[in-house]
Protein chains: 2
Amino acid sequence: MDTIADTSRTDKRGRDTRSAIRKQALALFAERGYGAVSMRDIAEAAGIRQGAIYNHFAGKQDLLADLMISHLDRLLAALVRAVPAGGDPMRRLEAFASFHVGYHLDQPDDVVIADMELRSLEAGRRGAEVHALRDRYAGVLATILEDGRRTGRFQTPNAKVQAGALIAMMTGITVWSRDGAALTREAVTAHYVQMVMQSVGLIWPLGEEAGCSTAQ
Amino acid sequence: MDTIADTSRTDKRGRDTRSAIRKQALALFAERGYGAVSMRDIAEAAGIRQGAIYNHFAGKQDLLADLMISHLDRLLAALVRAVPAGGDPMRRLEAFASFHVGYHLDQPDDVVIADMELRSLEAGRRGAEVHALRDRYAGVLATILEDGRRTGRFQTPNAKVQAGALIAMMTGITVWSRDGAALTREAVTAHYVQMVMQSVGLIWPLGEEAGCSTAQ
DNA sequence: TCGTTATGAACGGTCGTTCATTCATCTATG
DNA sequence: CATAGATGAATGAACGACCGTTCATAACGA
């Protein structure tokens, strides 16, 4: 009832209307924010008229929820592929940080919606699903931190708090990455990975004879 | 022309209408977001009718800009009071982190507006002013980091990048601080300070004989 | 009285959504 | 193959609601 049938077929002109709506809505929501985008704007960007959207989505809220959930599904699937489930916490933390930064540099629109428009998503079944997916993502990082803390390798005060803090730090990339032309993708990733690793008390980069002096 | 005369006088019932509007608008914007709050909502919360708001503010945009700028003014003034302008970068960094976390725990509504509603603020004189104030704040932290890096005490890849990252990290508090009942204010602050200090490569807390082993 | 503030109706717009209708395409039948 | 019905998508006008803002008017403190 929430969503129209999920089959995305192509119409006579070879366009996939449903995908076009999603694509344009994503770009517009990310650029102006949910509240500042009208269904007419989305329709125009997608090359159709206002009424046609309702053949594919139950409404504006359904469209937003669809974008968020599909983004989070893809994000979690990619995370599982990029970060080993077990093993050395240090390597897993590095993999997580590297993955998160890379994903945010590649898909800034998806990410900014899922982060900034949570308030625009009305409570309900879909809202709860979105929050559950977000919690699952943060939970992966919290588990890594907790494993590292338990084995004495990480200097972390509280795994859950730090997971939230590190995700906030790395997600902030989307705020200033517009003018990040001065830094290459590799440099940005390396900087963030270094900060994350150091934030749990590790010496980073590995192999560097960083002074251990507690000189004040 | 932007704002009505700044004199905030009390009306016959002893209330300060202008302050009431600001207070209620702040709470509503923070709770629902700028776009989801109407001038009628604000008027009702402030105990007046819709038209009366325009005796005190030129419009909805002017109201938002006023809230942001006044918040940033207070934030910067408090920052200058809390963080020494010169001296040991390590102490200044600790002071900055402690101040920032404390302020965000105390004034979550002001902070969430200045961070999340930047998109809702239309460009122009006021918008530029807001951005300038935000840059000034981040600049204070960047200077501390740069001083620490230059004197070899901080292990930081790029002061400007790290300043943005640390501010994003510490500002994320407002996202989850709703359910932070499990942690005291002091504990949260200590955790964040520790993460910040460690993120620049320092051993923290001070005086702890944390292992310096680069064991992998 | 004078200046400031509050009122509440009104204005022009825009919003999300609905709906009768048209149309192109697919499928089943002869 | 030809035809008729079924299906789903696109249209564009319309609806009621709400938006930010204006303004003539009234009330009230100094």
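Reading the values: rules and limits
Here, residues in each chain are numbered from 1, in the same order as that chain's written sequence. All chains are assigned letters beginning with A, and all ligands numbers beginning with 1, in the order in which they are written. The model is predicted, so local features are restricted to residues of pLDDT at least 70 and side-chain atom pairs to those at 80 or more, both for listing and for counting; the totals for chains, interfaces and linings are taken over all residues. The basis for every side-chain value is the complete set of heavy atoms in the structure, and neither hydrogens nor water enter the calculation. UniProt positions are given in the numbering used here, feature names are shortened, and annotations may be inferred rather than shown by experiment. Counting from the N terminus, the helices are DSSP H or I runs at least four residues long and the strands are E runs at least two residues long. Note on contacts: a residue pair is in contact if any heavy atoms of the two residues lie within 4.5 Å. The rule for a residue being near a molecule or strand is that one of its heavy atoms must lie within 4 Å of it. Here a polar contact is taken to be a pair of N or O atoms separated by no more than 3.5 Å, where protein atoms must pair a possible hydrogen donor with a possible acceptor and residues adjacent in sequence count only if both atoms sit in side chains. Only Asp, Glu, Lys and Arg are considered charged in this grouping, and only Ala, Val, Leu, Ile, Met, Phe, Trp, Tyr, Cys and Pro are considered nonpolar; every other residue, Gly among them, is considered polar. Reported buried area values correspond to the accessible surface (1.4 Å probe) lost by two parts on association, with both partners' losses combined. Whenever Lys or Arg places a side-chain nitrogen within 4 Å of a carboxyl oxygen from Asp or Glu, that contact is recorded as a salt bridge.

> Mind showing me how you'd approach the UniProt feature "DNA-binding region" (unreviewed entry) in chain A here?
The sites that UniProt annotates as "DNA-binding region" (unreviewed entry) are residues 38–57 of chain A. Taken end to end, residues 38–57 of chain A is 40% helix and 0% strand, and its two terminal C-alpha atoms sit 14 Å from one another.

> Honestly, the environment of leucine 141 of chain A in this entry has me stumped. Any pointers?
All names here are of chain A. Relative to the elements of secondary structure, leucine 141 occurs in helix H6 (residues 125–150). The sequence separation of leucine 141 and valine 83 amounts to 58 residues, and the corresponding C-alpha distance is 9.9 Å. Those residues in contact with leucine 141 that sit more than four places away from it in its chain are Leu93, Phe96, Ala163, Leu166 and Ile167.

> Help me out: how do you make sense of the protein's contact with DNA strand D in this one?
Around DNA strand D, the structure places 19 residues, and the nearest of them are Thr17, Arg49 and His56 of chain A together with Gln50 and Lys60 of chain B. Sugar and phosphate atoms represent 56% of those atoms of DNA strand D found within 4 Å of the protein. Contacts to DNA strand D include arginine 40 of chain A, whose side-chain N or O atom sits 3.4 Å from a base nitrogen. Within the backbone of valine 37 of chain B, an N or O atom sits 3.3 Å from a phosphate oxygen of DNA strand D. Among the residues making up the surface near DNA strand D, the classes are represented as five nonpolar, nine polar and five charged.

> Even after reading the chapter, I still don't get the protein's contact with DNA strand C, so can you show me in this structure?
Lining the immediate environment of DNA strand C, one finds 20 residues, of which Arg40, Gln50 and Lys60 of chain A together with Thr17 and Arg49 of chain B sit closest. Put simply, 53% of the atoms of DNA strand C that lie within 4 Å of the protein are in sugar or phosphate. In the model, a phosphate oxygen of DNA strand C is placed 2.7 Å from a nitrogen or oxygen of the lysine 60 of chain A side chain. One nitrogen or oxygen atom from the side chain of asparagine 55 of chain B is found 3.0 Å from a base nitrogen belonging to DNA strand C. Among the residues making up the surface near DNA strand C, the classes are represented as five nonpolar, nine polar and six charged.

> How should the interface of chain B and chain A be read in this particular structure?
On the side of chain A, 36 residues touch chain B, which itself brings 35 residues to the contact. Together chain B and chain A conceal approximately 3200 Å² of surface at their shared face, both sides included; 62% is due to carbon and sulfur atoms. Counting across the interface, chain B meets chain A through two salt bridges. With its nearest N and O atoms 2.9 Å apart, the salt bridge here joins glutamate 117 of chain A to arginine 119 of chain B. Remark: the boundary between chain B and chain A carries 10 residue pairs in polar contact (both at pLDDT 80 or more). For the side of chain B that touches chain A, the element with the most residues is helix H9 (residues 185–199) of chain B, which contributes six residues. Residues that form the side of chain B that touches chain A fall into these classes: 16 nonpolar, 12 polar and seven charged.

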